[in-house]
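Now for the letters of each chain:
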Protein chains: 2
Amino acid sequence: MVKLPDAFVNFKVVINNHLSIELLSMNDRISENTLKSFRAFVNKFILTDDKLFDTLISNFEYKKVARKELLLEASKTANKIFFLSEGFVRFYHTKNDGTEVTSDFYFAPGFITSFTSFIDQKPSIVNIQAMVKMDVLFIKYKDLMALYDNEHKVERLGRLLAEQVFITSEKHLLSFLNDTPQDRYLWLMKEYPEYVKNIPLHYLASYLGITAESLSRIRNRSVK
Amino acid sequence: MVKLPDAFVNFKVVINNHLSIELLSMNDRISENTLKSFRAFVNKFILTDDKLFDTLISNFEYKKVARKELLLEASKTANKIFFLSEGFVRFYHTKNDGTEVTSDFYFAPGFITSFTSFIDQKPSIVNIQAMVKMDVLFIKYKDLMALYDNEHKVERLGRLLAEQVFITSEKHLLSFLNDTPQDRYLWLMKEYPEYVKNIPLHYLASYLGITAESLSRIRNRSVK
DNA sequence: TAAAATTCTTGACTTAAGTTAAGAAATTAT
DNA sequence: ATAATTTCTTAACTTAAGTCAAGAATTTTA
């Protein structure tokens with residue numbers, strides 16, 4: 001196994017010199033798959049020619065993340081947006097009474113951060129935790145703002161991503177207004193069976209807004 | 001009282017010919033206050049010179065809306081974004097079991113539509129109902145898309161608004177994960193006392209995710 | 001202003017989820 | 001491989017909210 005640095009700081013330069021993605025992946029610093037996944041994801045929202053894609057990717061850095069590692073810690077301001085090409089993350093925070101609440105899961109591929117913290121550049125309520133070992137790309141706040149200023153298409157990407165993040169949030173919200181905890185669990189099972197299997201029940205429970213004991217009972221009720 | 005047409009279709013032309021806001025308001029077609037409120041609101045997000053503001057406003061139309069009138073009907077695709085300079089609206093939909101759920105309230109000033117319908121141009125789940133008589137401005141989907149293409153700053157406005165709408169939605173969502181219905185009611189009372197007074201209890205109840213009977217009891221518990 | 005419609009409250013009872021506690025099962029770390 | 005930790009289940013009991021129903025209060029409308 002090749003030992004890798006936490007972040008490959010020369011990444012920007014390499015891309016700007018138009019060395020190929022293939023060369024980068026040969027260096028084993030960032031996988032070809034990660035870059036392909038990134039480009040494919042971005043291209044779902046905006047059309048990028050090679051020049052724009054180079055400009056975009058050259059603002060990203062690369063990082064290896066261990067299972068359970070925090071991508072963002074509560075009380076710190078989110079100054080990065082991460083791109084997940086694989087794996088998934090958990091959002092959680094601590095309530096006044098000390099109990100921990102899992103508020104969200106985000107699955108690859110996608111851009112993730114605490115948008116509420118990132119957008120207004122104020123301390124985050126939530127922690128973001130890697131649920132599995134993963135490689136991520138990330139861009140810093142000030143670099144993204146500069147891209148927004150200089151590249152209309154990247155601003156569009158930002159708009160489209162914000163819109164989609166909103167739609168996801170609204171769906172989650174509506175599940176609380178429309179469905180019982182039991183309904184929400186059954187829906188989750190049907191929609192994301194692979195994940196439900198791999199997520200500890202007490203995380204799922206608090207995501208559904210109930211206790212682990214209640215979810216355990218719901219699960220047993222459903223079996224019969 | 002002056003009789004007004006439902007929508008003043010010549011509005012675009014007047015603005016494009018650089019006739020003044022004052023003239024418009026003298027015609028009693030759209031109030032000076034509405035336009036001022038619109039410009040002030042937009043300027044919280046982007047800096048508009050007169051040229052850009054004219055371009056922007058010339059794409060909007062004006063409409064008088066009666067209390068209880070629907071700005072958007074469920075099953076139809078939202079093809080407009082409205083600007084509310086006054087008043088507030090209610091979002092509601094009907095569940096499979098026939099019960100009506102109030103999912104949201106939006107208060108002026110602000111841009112409102114069913115973003116989930118508008119963004120992906122698919123049929124809306126929700127109805128949007130005016131809670132009071134009001135004047136609104138609105139822009140059509142295709143006109144906004146054209147503005148996004150031609151005016152980077154308007155695209156930025158779109159991004160910033162989508163971001164803020166997301167933040168609002170996330171707050172609402174977190175209130176379900178963090179707080180009891182009673183907590184949520186007390187918070188609402190503290191934050192928006194004026195509105196709580198004017199919104200029928202059964203609307204508030206379903207917004208909080210509980211029945212009207214439960215909210216009535218919560219309210220009486222709180223008094224003691 | 002009187003009738004109609006809507007909004008709000010209260011009571012009796014049911015139900016689903018919370019709480020506390022204990023221990024079993026499974027996974028992770030040494 | 002074993003100990004430590006985490007995850008999951010079950011039981012007994014409590015509590016908050018749901019349901020159904022009836023009627024009072026308020027607002028709207030004709």
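An account of the accompanying structure is given in this report. Owing to the predicted nature of the structure, the values given are computational and were not obtained by experimental measurement.

**Looking at the nonpolar core**
- Core analysis: the largest hydrophobic core is formed by 92 residues, its most contacted members being Phe38, Leu84, Val89 and Phe111 of chain A together with Phe38, Val89 and Phe111 of chain B.
- The dominant element in this core, judged by the number of residues it contributes, is helix 7 (residues 152-178) of chain B, at seven residues.

**Focus: the packing of helix 8 (residues 181-191) of chain A against helix 10 (residues 201-208) of chain A**
Residue and element names in this part refer to chain A.
- Where helix 8 contacts helix 10, the two axes come as close as 10 Å, and the packing angle between them is 125 degrees. Relative to helix 10, the element helix 8 is oriented oblique. Every pair of crossing elements has a handedness; the one defined by helix 8 and helix 10 is right-handed. In this structure, helix 8 contributes Arg184, Tyr185 and Leu188 to the contact, and helix 10 contributes Leu204, Tyr207 and Leu208.

**With respect to the pairing of strand 8 (residues 134-140) of chain B**
Residue and element names in this part refer to chain B.
- Taking burial as the measure, the seven residues of strand 8 include six buried ones, the bulk of the element.
- When strand 1 (residues 60-65) meets strand 8, the two strands line up antiparallel, connected through six bridges. Note on strand 8: the bridge partner recorded for Phe60 is Ile139.
- As judged from the five bridges shared by strand 3 (residues 80-84) and strand 8, these two strands associate in the antiparallel manner. Along strand 8, the bridge assignment pairs Lys80 with Lys140.

**Observations regarding the relation of the copies chain A and chain B**
- For the match of chain A to chain B, the screw axis carries a shift of 0.0 Å, the RMSD comes to 0.0 Å, and the turn is 180 degrees. The relationship between the two copies is best expressed as a two-fold rotation axis.

**Details of the protein's contact with DNA strand C**
- Neighbouring DNA strand C are 17 residues, the closest being Glu213, Ser214 and Arg221 of chain A together with Leu201 and Asn220 of chain B.
- When the atoms of DNA strand C within 4 Å of the protein are sorted by group, sugar and phosphate make up 67%.
- A distance of 3.0 Å is found between a base oxygen of DNA strand C and a side-chain nitrogen or oxygen belonging to Arg217 of chain B.
- For the surface near DNA strand C, the elements supplying multiple residues, two or more each, are helix 11 (212-223) of chain A together with helix 10 (201-208) and helix 11 (212-223) of chain B.
- The element best represented in the surface near DNA strand C is helix 11 of chain B, accounting for five residues.

**A short note on the protein's contact with DNA strand D**
- Taken together, 17 residues lie around DNA strand D, and Leu201, His202 and Asn220 of chain A together with Ser214 and Arg221 of chain B are the ones closest in.
- Atoms of DNA strand D within 4 Å of the protein belong to the sugar or the phosphate in 73% of instances, the rest to bases.
- With respect to DNA strand D, the side chain of His202 of chain A contributes an N or O atom lying 3.3 Å from a phosphate oxygen.
- A distance of 3.4 Å separates a base nitrogen of DNA strand D from a polar atom in the side chain of Glu213 of chain B.
- For the surface near DNA strand D, the secondary-structure elements that each account for two or more residues are helix 10 and helix 11 of chain A together with helix 11 of chain B.
- For the surface near DNA strand D, the element with the highest residue contribution is helix 11 of chain A, accounting for five residues.
- Its residues assigned to classes, the surface near DNA strand D shows four nonpolar, six polar and seven charged.

**Observations regarding the interface of chain A and chain B**
- Counting from both sides, the interface comprises 34 residues of chain A and, opposite them, 34 residues of chain B.
- Per-residue buried area on chain A facing chain B is highest for Arg159, Phe166 and Leu177 of chain A; these three make up 20% of the total on that side.
- Between the two partners, chain A and chain B, sit six salt bridges.
- Taken together, chain A and chain B are joined by 21 residue pairs in polar contact (both at pLDDT 80 or more).
- Sorting elements by how many residues they give to the side of chain A that touches chain B places helix 7 (residues 152-178) of chain A first, with 19 residues.
- In terms of residue class, the side of chain A that touches chain B is built from 13 nonpolar, 12 polar and nine charged.

About the thresholds
- Residues numbered from 1 in each chain as written.
- Chains lettered and ligands numbered in written order.
- Predicted model: local features only at pLDDT ≥ 70, side-chain atom pairs only at ≥ 80, totals over all residues.
- Heavy atoms only, no water.
- Core = buried A, V, L, I, M, F, W, Y, C linked by side-chain atoms within 4.5 Å.
- Buried < 20%, exposed > 50% of the residue type's maximum accessible area, 1.4 Å probe, protein only.
- Helix = DSSP H or I, 4+ residues; strand = E, 2+ residues; numbered from the N terminus.
- Axes fitted to C-alpha atoms, helices over the stretch in contact; angles between N-to-C directions.
- Parallel < 35°, antiparallel > 145°, perpendicular 65-115°, else oblique.
- Left-handed = near helix turned anticlockwise from the far one by under 90°.
- Contact = heavy atoms within 4.5 Å.
- Pairing = 2+ DSSP bridges.
- Least-squares fit on C-alpha atoms with pLDDT ≥ 70 in both.
- Near = heavy atom within 4 Å.
- Polar contact = N/O pair within 3.5 Å; in protein donor to acceptor, adjacent residues only side chain to side chain.
- Nonpolar A, V, L, I, M, F, W, Y, C, P; charged D, E, K, R; others polar.
- Buried area = accessible area lost by both parts, 1.4 Å probe.
- Salt bridge = Lys/Arg side-chain N within 4 Å of Asp/Glu carboxyl O.

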